[in-house]
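# Examination of the molecular architecture
The primary structure of each chain is shown beneath.
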Number of protein chains: 4
Amino acid sequence: MNPILDNLEIELPSWAFGNSGTRFKVFGTPGTARTVQEKIADAAMVHKMTGLAPRVALHIPWDTVDDYAALSAYAHEHGVELGTINSNTFQDDDYKFGSLTHTDKAVRQKAIDHHLHCIEVMNETGSRDLKVWLADGTNYPGQGDIRGRQDRLAESLAAIYQHIGPQQRMVLEYKFFEPAMYMTDVPDWGTSYAHVSALGERAMVCLDTGHHAPGTNIEFIVAQLLRLGRLGSFDFNSRFYADDDLIVGAADPFQLFRIMFEVVRGGGLDANSGVALMLDQCHNIEAKIPGQIRSVLNVLEMTARALLVDTDALAAAQEASDVLGANAIFMDAFYTDVRPQLAQWRTERGLPADPMTAFAESGYQDTINAARVGGTQSSWGA
Amino acid sequence: MNPILDNLEIELPSWAFGNSGTRFKVFGTPGTARTVQEKIADAAMVHKMTGLAPRVALHIPWDTVDDYAALSAYAHEHGVELGTINSNTFQDDDYKFGSLTHTDKAVRQKAIDHHLHCIEVMNETGSRDLKVWLADGTNYPGQGDIRGRQDRLAESLAAIYQHIGPQQRMVLEYKFFEPAMYMTDVPDWGTSYAHVSALGERAMVCLDTGHHAPGTNIEFIVAQLLRLGRLGSFDFNSRFYADDDLIVGAADPFQLFRIMFEVVRGGGLDANSGVALMLDQCHNIEAKIPGQIRSVLNVLEMTARALLVDTDALAAAQEASDVLGANAIFMDAFYTDVRPQLAQWRTERGLPADPMTAFAESGYQDTINAARVGGTQSSWGA
Amino acid sequence: MNPILDNLEIELPSWAFGNSGTRFKVFGTPGTARTVQEKIADAAMVHKMTGLAPRVALHIPWDTVDDYAALSAYAHEHGVELGTINSNTFQDDDYKFGSLTHTDKAVRQKAIDHHLHCIEVMNETGSRDLKVWLADGTNYPGQGDIRGRQDRLAESLAAIYQHIGPQQRMVLEYKFFEPAMYMTDVPDWGTSYAHVSALGERAMVCLDTGHHAPGTNIEFIVAQLLRLGRLGSFDFNSRFYADDDLIVGAADPFQLFRIMFEVVRGGGLDANSGVALMLDQCHNIEAKIPGQIRSVLNVLEMTARALLVDTDALAAAQEASDVLGANAIFMDAFYTDVRPQLAQWRTERGLPADPMTAFAESGYQDTINAARVGGTQSSWGA
Amino acid sequence: MNPILDNLEIELPSWAFGNSGTRFKVFGTPGTARTVQEKIADAAMVHKMTGLAPRVALHIPWDTVDDYAALSAYAHEHGVELGTINSNTFQDDDYKFGSLTHTDKAVRQKAIDHHLHCIEVMNETGSRDLKVWLADGTNYPGQGDIRGRQDRLAESLAAIYQHIGPQQRMVLEYKFFEPAMYMTDVPDWGTSYAHVSALGERAMVCLDTGHHAPGTNIEFIVAQLLRLGRLGSFDFNSRFYADDDLIVGAADPFQLFRIMFEVVRGGGLDANSGVALMLDQCHNIEAKIPGQIRSVLNVLEMTARALLVDTDALAAAQEASDVLGANAIFMDAFYTDVRPQLAQWRTERGLPADPMTAFAESGYQDTINAARVGGTQSSWGA
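Residues numbered from 1 in each chain as written. Chains lettered and ligands numbered in written order. Predicted model: local features only at pLDDT ≥ 70, side-chain atom pairs only at ≥ 80, totals over all residues. Heavy atoms only, no water.

By the naming in an unreviewed UniProt entry, chain A goes by L-rhamnose isomerase and is assigned to Mycolicibacterium litorale.

## Details of the relation of the copies chain A and chain C
Mapping chain A onto chain C calls for a rotation angle of 180 degrees and an axial translation of 0.0 Å; the resulting RMSD is 0.0 Å. Expressed as an axis order, the relation between the two copies is that of a two-fold axis. Of the C-alpha atoms belonging to chain A, the one lying closest to the rotation axis is found on A:D337, 2.7 Å away. Of the residues that chain A buries at the interface, 100% are likewise interface residues in chain C, meaning the two copies contact each other through the same surface. (Least-squares fit on C-alpha atoms with pLDDT ≥ 70 in both. Contact = heavy atoms within 4.5 Å.)

## Examining the pairing of strand 9 (residues 231-236) of chain B
Residue and element names in this part refer to chain B. Burial runs high along strand 9: 6 of the 6 residues are buried. Bridge analysis of strand 8 (residues 203-208) against strand 9 gives 4 bridges, and the strand direction is parallel. Paired with D208 across the strands is D235, a residue of strand 9. This β-α-β element, strand 8 to helix 6 (residues 218-228) to strand 9, shows right-handed connectivity. Of the strand pairs in this sheet, strand 9 and strand 10 (residues 276-279) are connected by 4 bridges, and their pairing is parallel. What sits directly across from F234, in strand 10, is L277. Chirality of the crossover, the property in question, places the unit of strand 9, helix 7 (residues 253-265) and strand 10 among those that are right-handed. (Buried < 20%, exposed > 50% of the residue type's maximum accessible area, 1.4 Å probe, protein only. Helix = DSSP H or I, 4+ residues; strand = E, 2+ residues; numbered from the N terminus. Pairing = 2+ DSSP bridges. Right-handed = clockwise from strand over helix to strand, strands pointing away.)

## Digging into the environment of A:H114
Residue and element names in this part refer to chain A. Relative to the assigned elements, H114 resides in helix 3 (residues 105-125). Since its relative accessible area comes to 14%, H114 is described here as buried. Considering only alpha carbons, one finds H114 and G268, 154 residues apart in sequence, at a separation of 31 Å. In this view, H114 contacts I60, P61, S87, N88, T89 and Y95; residues no more than four positions away in its chain are not counted. Polar contacts involving the side chain of H114 include one to the main-chain amide nitrogen of N88, which spans 3.0 Å. (Polar contact = N/O pair within 3.5 Å; in protein donor to acceptor, adjacent residues only side chain to side chain.)

## Structural notes on the pattern of salt bridges
For the structure on display, the rule yields 108 salt bridges over all chains. Residue B:D129 pairs with B:R128 through a salt bridge whose shortest N-O separation is 3.1 Å. B:R128 sits in the partly exposed class, given a relative accessible area of 35%. With a closest N to O distance of 2.6 Å, C:R265 and B:D145 form a salt bridge. Taken together, the positions of C:R265 in helix 7 (residues 253-265) and B:D145 in the loop between strand 5 (137-138) and helix 4 (146-161) put the pair across two chains. (Salt bridge = Lys/Arg side-chain N within 4 Å of Asp/Glu carboxyl O.)

## Looking at helix 6 (residues 218-228) of chain D
Because an α-helix packs 3.6 residues into every turn, residues spaced three or four apart end up facing the same way. Residues and elements named next belong to chain D. When you tally the buried positions in helix 6, you get 9 out of 11 residues, the bulk of the element. For helix 6, the full list of buried residues reads I218, E219, F220, I221, V222, A223, Q224, L225 and L226. The backbone nitrogen of E219 lies 3.3 Å from a side-chain oxygen of the residue at the head of helix 6, namely N217. Phi for G229, located one or two positions after helix 6, is positive at around 70 degrees.

## Observations concerning the sheet that holds strand 1 (residues 10-13) of chain D
Residues and elements named next belong to chain D. In space, the 8 strands of this closed barrel follow the order 1-2-3-4-6-8-9-10, with parallel pairing throughout. Put simply, the sheet's adjacent strands are angled 30 degrees from each other on average, direction ignored. On top of the sheet, helix 2 (residues 68-77) reaches strand 2 (55-59) and strand 3 (81-86); it is set at about 130 degrees to strand 3, its chief contact. Lying on the sheet, helix 8 (residues 288-307) is in contact with strand 1, strand 9 (231-236) and strand 10 (276-279); it crosses strand 1 at an angle near 155 degrees. (Axes fitted to C-alpha atoms, helices over the stretch in contact; angles between N-to-C directions.)

## Here's the deal with the packing of aromatic side chains
The full count for this structure, using the stated rule, is 92 aromatic pairs over all chains. When the centroid spacing of 5.0 Å and the interplanar angle of 50 degrees are considered together, the rings of A:F254 and A:F334 count as tilted. Here A:F254 is found in helix 7 (residues 253-265), whereas its partner A:F334 is found in helix 10 (residues 323-335), with 80 residues between them in sequence. Its relative accessible area of 0% is what places A:F334 among the buried residues. The ring centre of B:F334 lies 5.6 Å from the NZ or CZ of B:R305, which sits over that ring. (Phe/Tyr/Trp six-rings, centres within 6.5 Å; stacked < 30°, edge-to-face > 60°. Lys NZ or Arg CZ within 6 Å of the ring centre and 35° of its normal.)

## Quick notes on the interface of chain A and chain D
On the side of chain D, 53 residues touch chain A, which itself brings 53 residues to the contact. Of the roughly 4400 Å² buried at the junction of chain A and chain D (both faces included), carbon and sulfur atoms supply 58%. Ranking the residues of chain A by area buried against chain D places A:R147, A:F220 and A:R227 at the top, with a combined share of 16%. A salt bridge links D:R227 to A:D151, with the shortest nitrogen-to-oxygen separation between them at 2.9 Å. Connecting chain A to chain D are 22 residue pairs in polar contact (both at pLDDT 80 or more). Those elements giving two or more residues to the side of chain A that touches chain D turn out to be helix 4 (146-161), strand 7 (183-184), helix 5 (189-199), helix 6 (218-227), helix 7, helix 9 (311-319) and helix 10 of chain A. Partitioning the side of chain A that touches chain D into residue classes produces 23 nonpolar, 19 polar and 11 charged. (Buried area = accessible area lost by both parts, 1.4 Å probe. Nonpolar A, V, L, I, M, F, W, Y, C, P; charged D, E, K, R; others polar.)

## A few points about the relation of the copies chain A and chain D
Its rotation angle being 180 degrees, the transformation that places chain A on chain D also includes 0.0 Å of axial translation and leaves an RMSD of 0.0 Å. With an isologous cut-off of 70% or more, the 100% of interface residues of chain A that recur at the interface of chain D puts this contact in the isologous class.

## Some details on the interface of chain A and chain C
Facing 31 residues of chain A, the contacting portion of chain C comprises 31 residues. By the criterion of area lost to chain C, the three top residues of chain A are A:L324, A:Y335 and A:R339, representing 30% of everything that side buries. Our count for the chain A to chain C interface comes out at 2 salt bridges. A salt bridge links C:R339 to A:D332; the nearest nitrogen and oxygen atoms lie 2.8 Å apart. On the surface where chain A and chain C come into contact, there are 8 residue pairs in polar contact (both at pLDDT 80 or more). Looking at the side of chain A that touches chain C, the elements that each hand over two or more residues are helix 7, helix 8 (288-307) and helix 10 of chain A. Partitioning the side of chain A that touches chain C into residue classes produces 17 nonpolar, 6 polar and 8 charged.

## Here we look at the pairing of strand 2 (residues 55-59) of chain A
Residues and elements named next belong to chain A. The element strand 2 is largely enclosed, with a buried count of 4 among its 5 residues. Across 2 bridges, the pairing between strand 1 (residues 10-13) and strand 2 is parallel. Residue pairing across strands places P13 opposite A57, the latter belonging to strand 2. A crossover connection joins strand 1 to the parallel strand 2 through helix 1 (residues 36-50); in handedness this β-α-β unit is right-handed. In this structure, strand 2 lies alongside strand 3 (residues 81-86), joined through 4 bridges in parallel fashion. In the sheet register, H59 faces strand 3, and the bridge partner there is N86.

## Overview of the packing of helix 6 of chain A against helix 4 (residues 146-161) of chain D
Two elements in contact, helix 6 of chain A and helix 4 of chain D, have axes whose closest approach is 9 Å; the angle formed by their N-to-C orientations is 55 degrees. For the element pair helix 6 of chain A / helix 4 of chain D, the angle class is oblique. Where helix 6 of chain A crosses over helix 4 of chain D, the two elements pack in a sense that is right-handed. Residues A:E219, A:F220, A:A223, A:Q224, A:L226 and A:R227 of helix 6 of chain A form the contact with helix 4 of chain D, whose own contacting residues are D:I146, D:R147, D:Q150, D:D151 and D:A154. In the contact of helix 6 of chain A with helix 4 of chain D, the residues fall into 5 nonpolar, 2 polar and 4 charged. (Parallel < 35°, antiparallel > 145°, perpendicular 65-115°, else oblique. Left-handed = near helix turned anticlockwise from the far one by under 90°.)

## Here's the deal with the environment of C:A154
Residues and elements named next belong to chain C. Position of A154 among the secondary structure elements: in helix 4 (residues 146-161). Using a relative accessible area of 25% as the deciding quantity, one classes A154 as partly exposed. Separated by 42 residues in the primary sequence, A154 and V196 have C-alpha atoms spaced 9.3 Å apart.

Set out below in structure tokens:
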């Protein structure tokens, strides 16, 4: 396999190991983690099976603990590290009508303070990235002043950014819609880019693959943000219609292939590229740990296929405007089954050849099903 | 005003008076109804203000009571009647993977039995319509057998339909996506139409204005279903992106105008047309009772505008292929401000000229805010 | 390979061998066919390379000749047969405001007569299917009477249908939008289904894979129409946004896989299934003959992958509501590279192992580039 | 009326007076202009009827003449001025695979030179704006190198920009798709913004209201670009599905209202705002001159409604998070019929009270129908 594959690392979200659902229903599942420690243990199992998931992202306050240093040590003992810190300004009653953009200065300050608290957590966990995703927006035309909200957003972000340490970064996620239905305050990459450009060099864009209008060419945005030096991180998942948060690559594996091709093309898998690949999914009905393993494998497999593209031949065909020829070279890589080679690649690294089967046979699920009885299963906490 | 406006009646959903939200958060609001009786009282207030909302739809089991005859009497005393009965097969753990389409015959039977129970409720409340909306569907390709699910759906619906009384109807709602993300079992009007046609004359289609793919011409479907004699009812709401369940007419008042024009064109507002106009909205952040009043008024105002279309002149322009002329006749009606005449129309009927202001000045909201303390606010109950 | 693969036949459209373009520009290409005979010769070359494309669909009046029997003989000599006859009621000035739905009875009769002429052509060519795709629709609300147009459409279709011979069929294609922008008269499968059901048993639906709203689950429609016994034919192509008419499978190969899986599931590849697989593509910038070969191969390859699904294991996983297990079985087939086996399958049948290379090496393109000088290249003729 | 309405000016596109169509057919219409002079005469008639359309945009090479100074004088004599110069790099065979982004340096230079020629035209006509819309893009994944194309685009734009005079501007238009179907090189406002920011202060973004993905909140982009100081101009039209180029406001008048509200809110109608409002529409089936009059009136009427918003009350309601109250203030303006006041406003300015009727009664159409016989009707020239 292409040696660049060795640079592949995929960060797992702690919340993928808790319950999630739709507005209609959140179903529970036996064995679901009840504490952040149990989530980390589950994430560590994904890493043990795949060797590709060395970090776990936290969500504050869902994963609040008294002692983050102890939590880091706990993670380290389980073979993983703590990663990105995700803020949450959408589940407190005060944020019903906005957070960093709220008309009420007190609410804005509360939301800013929450982010400063997150930075303190980062200082303790050694996390690099503060990820800011905002539910801010409006449901009705006229409800908010679009322009004024942007100005307040810029002011709030600047107040947070000045506390970002020299080894830290802020990544600003955009989202087309939901939960706000008429207008979100950071709806597209252009808005996120305009804000992070104004903030400074350690502010970057976070691209969630499920946060675009229908038909949007996501790999174009990947290429553009890499070109502009502002692609900070991915939230990987897949979707058919809205922000479905399905297993990455499940809805359109060819799209994931194209995205990973542009990541490679733009240097996003180079050592120290600064591009963090993260999952952000919700396992509403599927088994959670296998769901994460499947997701990690999908990213791996599509990356491996993307690395098979004969880029010299492709460049020559592109140069010659050979439409079908260039496409054929591109598709040849996508159509190649890389799974046997990847099994060998894993074996060489001391990993299970077949992570899904290895997990099934590990007995881990039975163990946690038996152990995790009583208490409250983790969830989005809404 | 056109006398056909006197036929306008809009059914209110009991759940609009409880809390709802997104998967991210359900916010509470002071004064929110805690019982079905309180919901009915709120709905009755909407009718008192508008004179247009004489019926309240119930959702089973959210609105389950021991004595439906007593509940009917309660409603009647408040000036309204009980309307459509909505079944619910999406919030029981057994339905995690489907209800009427489930592979497990026992789960299917449970879902069928739930509908038979709903018919019993109808027998007690005197309701005409059983509305069936299914959350059934799958999230991943391969998860379910699309064809087999259709066959099971047909079988289950037939088992229910045979219990529908001679004065009753089943209306089958379709929905493009959500909560299932890859495939829903009744995704479009064609599927609903195929099923109700197979069932019999008392099976009809329910059209929810928020349940279509982007860009779908909804008024075309209205016209087509009226032509085919299968438009049973509407679930009115509005949307920008997904099934936003916003106030009807809020996102695109011109679309509501076009829909009401086709309803009138196809006889849907004629006496005994059999077309039930119902709201199905979720007031996540807006005041609930005013939200329903606003919704009723939007339907009224757009219907009144639609009734202003000079249909003789329009027909002549259409006959002559006069594109701009026909469009101008159509738009002239839409652009006319009917609110003054409607205020007078209300006054003549002993109703408040300005229902929104009348409600605000009624003191009702303060009363319920003070009275409804303690207990659990109604919600979707997920 | 699965023996059902031997039933695979893909009909080619004559117009794929002429020029096409967008509203912005139609580019010419050396060697483009100038006559229907040259188009047939090109199509025959696709069949010679692939063994899968034994029929050529004609478009009237683009492919009008004096002697259809002679044209059939010409095709037969080249190793192919004439197939579906496509009517055209969108390029005559009389049809500016509609054809079968026009308010002017004389225009409607002209359009009906055109279809009767097409049936006469079918009688001479021995074609089974008359394909009706209509550009009818309106650009502005109010421009046409939606309901009246449906009634006229039904009447016109009935007038045509009564001339369809006992061995012939009418297939009615639907299209979401374009060239009409506000409303098309046959926008969705439901409308097509309602009309063909009213006509009779030899009226069927034609599903063009590019004619749906964003996010539509096409394989669901395939499954549904097969279940209802009304899937007459496919127009294969692919799209990213609108009716892009790109090479089938190019935009989303996984979607094509899912579609072919449902075709097989529903018996559409069984002998005498009555489901015609046809290409309907426009090669605006790509080489035309290789483009058709590539398209045929894409259908073949995705069908071969779909046939690899372990349907027993899949049914068991579906029965057990094993979401990830069922999906994995499905994906395993999609991820398998079938190209080596297909090369062998071709070799066994005396076909080139690599049709794309075989064509490139055949010298055919150079020959036609040299021969086809002067005259007017075929195009849509708009 | 609000005095800011006096600042309203709407530029007309010369090509709206020629024929246009879809890829299926371009229909002719009696009286269609055959020369740029006739187009200008038609545009002048629109201005005479409305008083709002003092400028005519040219498209090069469609409107190429030997003597632009003479053309300016001709326009001036007819009561209008020449406006924006639109380049065209999509109808020459050399541009089949791109223009400013082409892999072939010679083609890129040809495209650059075309723009330099356009600047020369501007120097002669006194036009301020060079509008660059590119058809560049690809139809198939792999066909082009997304990143390389961006770099070549940046280089080409810089080569053009350095010739933009101190009183001139370059406006870069973005478009979601079409004619390229997989990827366009300037697909969204973010890309256009990134390029114009890199170029300099006289480079601006052009927003075409039909060039967005489904569901995009266009007024948000308007507000954002005004905030960033980069909204150079509008191309107004309307759409239901794709880039339908219908009469502005026809598909969704409420959207046009919201857009104009944000234009006003952001100072875009202030004197010397630098925001050019232009129409860019195609009258495929509708009468051309009345179509332009209707378009101008739609912009006027929605602007007048937007100016009715009680902004103090709105700000107070927004400040108080009064969702329904703020929305009601907003909608009250939209629902108000401004046509009588606008008729009076026109009368006071010596204009026809009813421009549509005035045009119909003017005899102009009959005159040109009779006069413009023979010759070739203007069209896109594809």
